[in-house]
Amino acid sequence: MALDEAILEAVLKLRVPPTLRFYAWNPPCLSLGYAQAVKDADRAAIEREGWELVRRPTGGKAILHTDEITYSISAPADHPLFANGVLPSYERISMALMAGLEEMGIEPELHTADPPAPGSNPVCFQNPGAFEITVEGKKLVGSAQLRRAGGVLQHGSLPLRGELGRICLALRYANEHDRARAMGEVGLHAITVERVLGESLPWEETARHLTAGFENNLQIRFSRQEPTQPEIRRSHEILQERYSHADWTQRI
């Protein structure tokens, strides 16, 4: 999360070009949306599982980052990809993601219905939002966006394998019956790449397919590089200023 913000700052200062980044999480981590109540998280259960907890700078509900690929895109707000507001940019990015999924042999669909009404469900993958990606009516990619100081950060999660209902182990429920029911409902409304294809794709292969999807759909070519040393230094500063502090994670 800190490196995503550091990259966005570097993009806005014209030190690096607009950036597409892929990464994974170790150890697994529950991320809360920017405005999500920390009481949704079961801190004791997260510790027992050996997981961690973080609050994202972007919105939405909780995601368990494990057995997945996370993407982030950092660009100026006037970049053509992000022009004309949030929903049009969601649609453009989803079309690029869908092109990558098609490279993987998946037949994705763009969810165009109105977003679900705000409610108490704490799980991101329980319901698809406007212009999010589904397969067979089940949510496959969850995304969220931040617009700040003339820049845009969008990131999202593509679950590759595993039981998506595991997220409920990290969330607070009134009783175990409610937890078990919630775990089953996640499985009914969300899906992994492995369940779609009937096989597990390596992380690196998935990243290559998604990169090709962005390049082909947007008619661009990426220059691959590691984060710069100034970006890494700034990410450590942001980590200390924000993400290492309970007053960020527990502020709501």
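Residues numbered from 1 in each chain as written. Predicted model: local features only at pLDDT ≥ 70, side-chain atom pairs only at ≥ 80, totals over all residues. Heavy atoms only, no water.

A.B. asks: Can you lay out the side chain of Q154 for me, pointing to particular residues and giving the numbers?
C.D. replies: Structurally, Q154 is set in strand β9 (residues 151–159). A distance of 2.9 Å separates polar atoms of two side chains, one belonging to Q154 and the other to Y71. When residues no more than four places from it in sequence are discounted, the contact partners of Q154 are Y71, S72, I73, F82, Y90, I93, S143, A144 and Q145. (Helix = DSSP H or I, 4+ residues; strand = E, 2+ residues; numbered from the N terminus. Polar contact = N/O pair within 3.5 Å; in protein donor to acceptor, adjacent residues only side chain to side chain. Contact = heavy atoms within 4.5 Å.)

A.B. asks: Run through the nonpolar core, naming residues and quoting values.
C.D. replies: In terms of nonpolar packing, the biggest core is built from 32 residues, with L101, L140 and L158 touching the most fellow members. Of all the elements in the fold, those that place two or more residues in this core are β1 (19–23), β5 (68–76), α3 (86–103), β7 (132–135), β8 (138–148), β9 and α6 (203–218). (Core = buried A, V, L, I, M, F, W, Y, C linked by side-chain atoms within 4.5 Å. Buried < 20%, exposed > 50% of the residue type's maximum accessible area, 1.4 Å probe, protein only.)

A.B. asks: An account of the pairing of β9 is needed here, citing residue identities and associated values.
C.D. replies: Extensive coverage of β9 is indicated by the burial of nine of its nine residues. A two-sided burial pattern is seen for β9, the buried positions comprising G151, L153, H155, S157 and P159 on one face and V152, Q154, G156 and L158 on the other. As judged from the nine bridges shared by β5 and β9, these two strands associate in the antiparallel manner. Each residue of the ladder has a partner; that of A75, found in β9, is V152. (Pairing = 2+ DSSP bridges.)

A.B. asks: Now, about helix α1 (residues 2–12): what can you tell me, with residues and values included?
C.D. replies: Burial analysis of α1 places nine of its 11 residues in the buried class, the great majority of the element. Of the positions making up α1, those classed as buried are A2, L3, D4, E5, A6, I7, L8, A10 and V11. Those residues of α1 that are buried lie in contact with β1, β5, β8, β9 and α7 (229–243).

A.B. asks: Quick one: what's the story with the packing of α3 against α6, residue by residue and with numbers?
C.D. replies: A pair of packed helices is characterised by two quantities: the angle between their axes and the separation of those axes. Put simply, α3 and α6 touch, their axes get as near as 7 Å, and they point 125° apart. Our classification of the angle between α3 and α6 gives oblique. Read as a crossing pair, α3 and α6 show a hand that is right-handed. On α6, the residues that touch R92, I93, M95, A96, L97, A99, G100, L101 and E103 of α3 are H209, L210, A212, G213, F214, N216, N217 and L218. Within the contact of α3 with α6, the residues separate by chemical class into 10 nonpolar, five polar and two charged. (Axes fitted to C-alpha atoms, helices over the stretch in contact; angles between N-to-C directions. Parallel < 35°, antiparallel > 145°, perpendicular 65-115°, else oblique. Left-handed = near helix turned anticlockwise from the far one by under 90°. Nonpolar A, V, L, I, M, F, W, Y, C, P; charged D, E, K, R; others polar.)

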